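Below are the chains, spelled out letter by letter.
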Amino acid sequence: MASTIFKDILVPYDGSKNAFRAFDVAVDIAKKYNSNITVLTCITKPAYRGTWYHDASASSPKMKKEEKAAEEKISKMIEPVKKKTDLSIKHKIIPVISATNEISSFAKSHKMDLVVMGAHGKTGLEKILLGSISQGVSQKSHCSVMIVK
């Protein structure tokens, strides 16, 4: 039986090519170590006058549309793997203010052993202002982080 050094693997997924490659790498690791995979998609909450807030906008039609689109992409990605393997793959979609903070917090609160994520995703202006999300997660996470190009 394989070692369980990476029992639980988190894969932040934003729909980018690098995030898809990161999922493939996570699947390979999970096969080797008999790991569980959780795919996490963060949907950014809207901004108001330069500050972030949370209100009913998290359940707004736009947020629901983004969540549905994410759900479809994730399902298309994970269902073929589930059919071909006996891996445990779950997914979660959450509204966030800061993807970096939420990914790191999720990894810690769910006791993940490894985060596997793409080097560059769909970050736009946030990447320019705050730096790479993958870099931020690698600095803030309690567990190992593998960044896939």
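First, a word on scope: everything that follows refers to the structure included in this document.

**Structural notes on the overall build of the protein chain**
Right, so step 1: The number of helices and strands found in the protein chain is 5 helices and 7 strands.
Right, so step 2: Per-residue burial for the protein chain yields a buried fraction of 42% across its 149 residues.
Right, so step 3: As presented, the protein chain carries roughly 8800 Å² of accessible surface, and 54% of it is formed by carbon and sulfur atoms.

**Considering the nonpolar core**
Right, so step 1: Among the nonpolar cores identified, the biggest contains 27 residues, and Ile9, Phe23, Ile37, Val39, Ile89 and Val116 are the most heavily contacted of them.
Right, so step 2: No other element matches helix H1 (residues 17-33), which puts 8 residues into this core.
Right, so step 3: In this structure, Phe23 is in contact with Val11, Ile37, Val39, Met77, Ile78, Val81 and Ile89, ignoring residues within four places of it in sequence.
Right, so step 4: Among the nonpolar cores identified, the runner-up in size contains 14 residues, and Leu10, Leu40, Ala107 and Cys143 belong to it.

**Things to note about the packing of helix H3 (residues 99-109) against helix H5 (residues 133-140)**
Right, so step 1: As a packed pair, H3 and H5 sit with axes 9 Å apart at the nearest point and diverge in direction by 40 degrees. In terms of orientation, H3 lies oblique with respect to H5. Crossing of H3 against H5: the hand is right-handed. Of the residues in H5, those in contact with Ala99, Thr100, Asn101, Ile103 and Ser104 of H3 are Ile133, Gly136, Val137 and Lys140.
Right, so step 2: Of the residues that constitute the contact of H3 with H5, the class distribution is 4 nonpolar, 4 polar and 1 charged.

**Some points on the packing of H1 against helix H2 (residues 61-84)**
A pair of packed helices can be characterised by two numbers: the angle between their axes and the separation between those axes.
Right, so step 1: One way to put it is that H1 packs onto H2 with a least axis distance of 11 Å and a crossing angle of 20 degrees. It follows from the interaxial angle that H1 and H2 lie roughly parallel. Note on packing geometry: the crossing formed by H1 with H2 is right-handed. Seen from H1, the contacting residues are Phe20, Phe23 and Val27; seen from H2, they are Met77, Ile78 and Val81.
Right, so step 2: Along the lines of polarity and charge, the residues of the contact of H1 with H2 split into 6 nonpolar, no polar and no charged.

About the thresholds
- Residues numbered from 1 in each chain as written.
- Predicted model: local features only at pLDDT ≥ 70, side-chain atom pairs only at ≥ 80, totals over all residues.
- Heavy atoms only, no water.
- Helix = DSSP H or I, 4+ residues; strand = E, 2+ residues; numbered from the N terminus.
- Buried < 20%, exposed > 50% of the residue type's maximum accessible area, 1.4 Å probe, protein only.
- Areas by Shrake-Rupley, 256 points an atom, 1.4 Å probe, with all protein chains shown as cover.
- Core = buried A, V, L, I, M, F, W, Y, C linked by side-chain atoms within 4.5 Å.
- Contact = heavy atoms within 4.5 Å.
- Axes fitted to C-alpha atoms, helices over the stretch in contact; angles between N-to-C directions.
- Parallel < 35°, antiparallel > 145°, perpendicular 65-115°, else oblique.
- Left-handed = near helix turned anticlockwise from the far one by under 90°.
- Nonpolar A, V, L, I, M, F, W, Y, C, P; charged D, E, K, R; others polar.

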